[in-house]
Amino acid sequence: MASWFRRNKPEAEPRRGLSIEELAAAFPGAPAAAPADMDAAEAVPLEVLVEPVNEPTTEPVRAPTIEVAEAPVTVTPVEAPVVEAAEPHSEHLLEVLAEAAPVEAAVAEPVTQPTAARPASGWRERLRGTGFARSLGSLFSRNPKLDDELLDEIETALLTADVGVTASTQLVESLRKRMKSREFADANALLRALRTDLIALLAPVAKPLEFDRSKRPFVILTVGVNGVGKTTTIGKLARRYKDEGRSLMLAAGDTFRAAAVAQLQAWGERNGVAVIAQGQDADPASVAFDAMQAATARGVDVLIADTAGRLHTQQGLMAELGKIRRVIGKLDPDAPHEVLMVIDGTTGQNAISQVRQFNAAVNVTGLVVTKLDGTAKGGVVFALAREFGIPIRYAGIGEGPEDLRVFDAEAFVDALLPDSLTG
């Protein structure tokens, strides 16, 4: 009976397992199937198989990684947001740059102001490169001893700077006598004495041009050799007189040089001044006569007449200047009221013979020394002052219109020599 009871006792429901076929279908890449004689009870339970699936194994992890990596590569719309975001950003940059442009212009204005003010610089800045300033300046900068050797070096420097033999000898001999009289305590005192003597030499000729208001027009006749800058000087004078409130007119009397008339007309247009001209190869005396009549009829204050450049050795052309002077004198016996001779500061001692010949032909009453800021030695100014005593009206110390300065003896010497051995 006991055996019957055991046979008829219901057995527990067997645990459900997966067959080999089901496992193969669920895991295609799984290892080879189990042997066919495996009993169904020995099959791997489902609960046991589900847990290892979530464990980090090589096969399950590799498959998802491949799928995720392919998705971003194949999706093309990812670049679209970058392009769309760049457009408004670039527009914003353009707006910022457009707003920044006025700021740059405003900042640039103060930078140009010092450049505009530079032409108003002093004489020393303009003339420190002359031969006179370099030779004598370097001499005293060495702080030499007060002896005859120093005087000899000073004389050599003066001669090298085109001061001339006569003027140089006179200056040095005066210093030598005073040194022997023990008037100088040291070389610094001798330097101050040299400055004083140079200023005294130039003071009598440092006379600005004065206009006689009863003379209308006040006629200025400009003369000089070729290439000294007469036409340019006339243009700068026109600018100066215009700024002083004077009405004026220009006469293009340089009818021999091809571009002289056009050059003077350009200066006239620039300064708002009328120019009387007849063209190239016209009679210079006729141009001066027409300009004199026009200036008288219009009641202008100043008439500046240009003439052709000529060498002082050309007697025929020098005689022509006398003709121009006589023709102008027919309308006004006192005209021209100023004969202004323009001299190139780089000429040197040759300027002495130039002034001598022009003075004999047209009676020069004033001098303009140009190009002193370049390679000029500067000493010719002292030679001219001692030789002729003709007033030096203006000095050209730069290229700008404002650089044609009224000659100042003290400022000129101060530019050439230091105040002291330490200055």
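A quick note: this is a predicted structure, and the numbers were derived from the prediction, not measured.

Definitions and limits used
All chains use their own residue numbering, which begins from 1 and follows the written sequence. This being a predicted model, a pLDDT of at least 70 is required before a residue's local features are given, and a value of 80 or more before pairs of side-chain atoms are given or counted; all residues contribute to the totals for chains, interfaces and linings. Excluded from the side-chain calculations are hydrogens and water; all other atoms, namely the structure's heavy atoms, are used. A run of DSSP states H or I qualifies as a helix once it reaches four residues; a run of E qualifies as a strand once it reaches two. Both are numbered from the N-terminal end. Residue contacts are defined here by distance: any two heavy atoms, one from each residue, within 4.5 Å place the two residues in contact. Helix axes use the C-alpha atoms of the stretch in contact, all axes being lines fitted to C-alpha atoms, and the angles between their N-to-C directions lie in the range 0 to 180 degrees. Note on terminology: angles under 35 degrees are roughly parallel, angles over 145 are roughly antiparallel, angles of 65 to 115 are roughly perpendicular, and the others are oblique. Definitions for this section: a left-handed crossing has its near helix turned counterclockwise from the far helix by less than a right angle. A right-handed crossing has that turn clockwise. A residue's pLDDT is the predictor's confidence in that residue, given on a scale from 0 to 100. By definition here, a helix of n residues has an expected span of 1.5 Å times n minus one. The classification of residues rests on relative accessible area computed with a 1.4 Å probe and restricted to protein chains. Under 20% of the type maximum is buried, over 50% is exposed, and intermediate values are partly exposed. Polar contact is the term for a pair of N or O atoms within 3.5 Å; when the atoms are in protein, one must be able to donate a hydrogen and the other to accept it, and sequence-neighboring residues count only if both atoms are side-chain atoms. Among buried residues, those of type Ala, Val, Leu, Ile, Met, Phe, Trp, Tyr and Cys that are joined through side-chain atoms within 4.5 Å constitute a nonpolar core. Counted as salt bridges are all cases of a side-chain nitrogen of Lys or Arg within 4 Å of a carboxyl oxygen of Asp or Glu. A pair of strands is treated as paired once DSSP finds two or more bridges between them. Note on handedness: a clockwise path from strand one over the helix to strand two, with the strands aimed away from the viewer, defines a right-handed crossover.

## Focus: the environment of Glu320
Phase 1 of the analysis: Following the sequence through the fold, Glu320 ends up in helix 14 (residues 315-331).
Phase 2 of the analysis: Sequence separation between Glu320 and Asp283 is 37 residues; the distance between their C-alpha atoms is 10.0 Å.
Phase 3 of the analysis: If we skip the residues at most four places from it in the chain, Glu320 touches Phe256, Pro284 and Arg310.

## Overview of the packing of helix 10 (residues 187-202) against helix 17 (residues 409-416)
Phase 1 of the analysis: Close contact between helix 10 and helix 17 brings their axes to 9 Å; oriented N to C, the two are set at 140°. As far as their axial angle goes, helix 17 and helix 10 are oblique. Crossing of helix 10 over helix 17 shows right-handed handedness. Residue-level contacts link Arg195, Leu198, Ile199 and Leu202 of helix 10 to Ala409, Glu410, Phe412, Val413 and Asp414 of helix 17.

## Quick notes on the confidence of the model for the protein
Phase 1 of the analysis: With 65% of its residues at a pLDDT of at least 70, the protein reaches an overall mean of 75.
Phase 2 of the analysis: Counting contacts from residues 1-7, a segment whose pLDDT is below 50, to residues more than four positions away or on other chains yields zero contacts.
Phase 3 of the analysis: Contacts of residues 33-120 to residues separated by more than four positions or lying in other chains number 22 contacts, the stretch itself having pLDDT below 50.

## Brief notes about helix 10
Phase 1 of the analysis: In this model helix 10 runs 23 Å from its N-terminal to its C-terminal C-alpha over 16 residues, within 8% of the 22 Å that 1.5 Å per residue would give.
Phase 2 of the analysis: Counting buried residues in helix 10 gives 12 out of 16 residues, a clear majority hidden from the surface.
Phase 3 of the analysis: Every buried residue of helix 10 is accounted for by Ala187, Asn188, Ala189, Leu190, Leu191, Ala193, Leu194, Arg195, Asp197, Leu198, Leu201 and Leu202.
Phase 4 of the analysis: Where helix 10 starts, the residue carrying a side-chain oxygen 3.3 Å from the main-chain nitrogen of Asn188 turns out to be Asp186.

## Notes on the nonpolar core
Phase 1 of the analysis: Ile154, Tyr241 and Phe412 are the most contacted members of the largest nonpolar core, which has 103 residues in total.
Phase 2 of the analysis: If we ignore the near neighbours within four places in the chain, the residues touching Phe412 are Trp123, Leu127, Leu202, Leu372, Gly378, Val381, Phe382 and Phe407.

## A look at the pattern of salt bridges
Phase 1 of the analysis: Enumeration according to the criterion identifies 16 salt bridges in this entry.
Phase 2 of the analysis: Here Arg257 makes a salt bridge to Asp254, at a shortest N to O gap of 3.5 Å.
Phase 3 of the analysis: Given a relative accessible area of 4%, Asp254 falls into the buried group.
Phase 4 of the analysis: We note a salt bridge from Lys323 to Asp283, for which the minimum N-O separation is 3.5 Å. A residue pair is termed long-range when its members are at least 10 positions apart, and Lys323 in helix 14 and Asp283 in the loop between strand 3 (274-276) and helix 13 (284-298) qualify at 40 residues.
Phase 5 of the analysis: On the basis of relative accessibility, which here comes to 35%, the residue Lys323 falls in the partly exposed class.
Phase 6 of the analysis: The class of Asp283 is partly exposed, set by a relative accessible area of 33%.
Phase 7 of the analysis: Where salt bridges share partners, they join Asp148, Asp152, Glu173 and Arg176 into one cluster.

## Considerations on the pairing of strand 2 (residues 248-251)
Phase 1 of the analysis: In strand 2, alternate side chains face the same way, and those of Leu248 and Leu250 on one face and Met249 and Ala251 on the other are all buried.
Phase 2 of the analysis: Alignment of strand 2 against strand 4 (residues 302-305), held across four bridges, turns out to be parallel. Pairing of Met249 across the sheet is with Leu303, part of strand 4.
Phase 3 of the analysis: The pairing of strand 2 with strand 3 spans three bridges and is parallel. Looking across to strand 3, one finds that Ala251 is bridged to Ile276.
Phase 4 of the analysis: You can see the chain leave strand 2, run along helix 12 (residues 260-271) and come back into strand 3, and the turn it takes is right-handed.

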